[in-house]
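# Results of the structural survey
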Amino acid sequence: MPASTILSRLRALDPAGWGTGLSPANARACWSEALDDLAAADLTGPLPGSAPACALIIASANVFTAPLRWLLHLCLRGVPVRVKAARGLIGATRAMCAPIPGAAVQDWRGGDDRALRLALSGDPDAPADPAGTPAAGVIAFGRQETMDAVRAACAALPTPPPPAARGGPRSPRGGGPPPPPP
């Protein structure tokens, strides 16, 4: 599916009822701004390195739009992406992923180290991961405790994926396209 079609479908969504904790007007403004920052050409342009076989994005409750750019960059290149919804934002995450081919939502409670290890390893018993595909790339958003848990879970795997702890496109911690795989 072309990037322009996916962006049109995303624009048609109304985040006012997604339970983001924002007023309906602010949720719509944040969604609109996040989409305005994305251009179809930027999403499909070349990136250095090779794409991972599967990626895991761990979302943060602070910015419900944060996973969007990385989710689109990867899925438009045919990479299946599992998104771990932030606590309380499962509805927003499902709505965001629905129009994007290759995107799936994983739902487990943050702090569940076993669920995180299963999701990273591609264990078929992992929540919402019937394919059992290991995550070959990880992009995480959240507090320091989240970053530490992701790094520890990745390091414990036989073939650890490199975690990419990144901020959003306007975050002081960085932004832009996802980091290239090693």
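These numbers were taken from a predicted model, which means no experiment stands behind them.

### Section: the overall build of the protein chain
A tally of helices and strands in the protein chain yields seven helices and five strands. In the protein chain, the succession of α and β elements from N to C terminus is α-α-α-β-α-β-α-β-α-β-α-β. Put simply, the protein chain has 182 residues, and 43% of those count as buried. Taken as a whole, the protein chain presents about 8,700 Å² of accessible surface, with 55% of it coming from carbon and sulfur.

### Concerning the pairing of strand E2 (residues 81-84)
Side-chain alternation along E2 places Val-81 and Val-83 on one buried face and Arg-82 and Lys-84 on a second face that is also buried. Where strand E1 (residues 55-58) meets E2, four bridges bridge the pair, whose relative direction is parallel. Looking at the pairing, Ala-55 lines up with Val-81 of E2. Crossover handedness for the path E1 to helix H4 (residues 68-75) to E2: right-handed. Pairing of E2 with strand E3 (residues 103-106), which is carried by four bridges, proceeds in the parallel orientation. Of the residues in E3, the one forming a bridge with Val-81 is Ala-103.

### So, the confidence of the model for the protein chain
Averaged over every residue, the pLDDT of the protein chain is 76; residues scoring 70 or more account for 71%. Within the protein chain, the lowest mean pLDDT, 50, falls on strand E5 (residues 163-165), and the highest, 94, falls on helix H2 (residues 24-36). Throughout residues 126-130 the model reports pLDDT below 50, and contacts reaching past four residues in sequence, or to other chains, amount to 14 contacts.

Rules used in this analysis
Residues numbered from 1 in each chain as written. Predicted model: local features only at pLDDT ≥ 70, side-chain atom pairs only at ≥ 80, totals over all residues. Heavy atoms only, no water. Helix = DSSP H or I, 4+ residues; strand = E, 2+ residues; numbered from the N terminus. Buried < 20%, exposed > 50% of the residue type's maximum accessible area, 1.4 Å probe, protein only. Areas by Shrake-Rupley, 256 points an atom, 1.4 Å probe, with all protein chains shown as cover. Pairing = 2+ DSSP bridges. Right-handed = clockwise from strand over helix to strand, strands pointing away. pLDDT = per-residue confidence, 0-100. Contact = heavy atoms within 4.5 Å.

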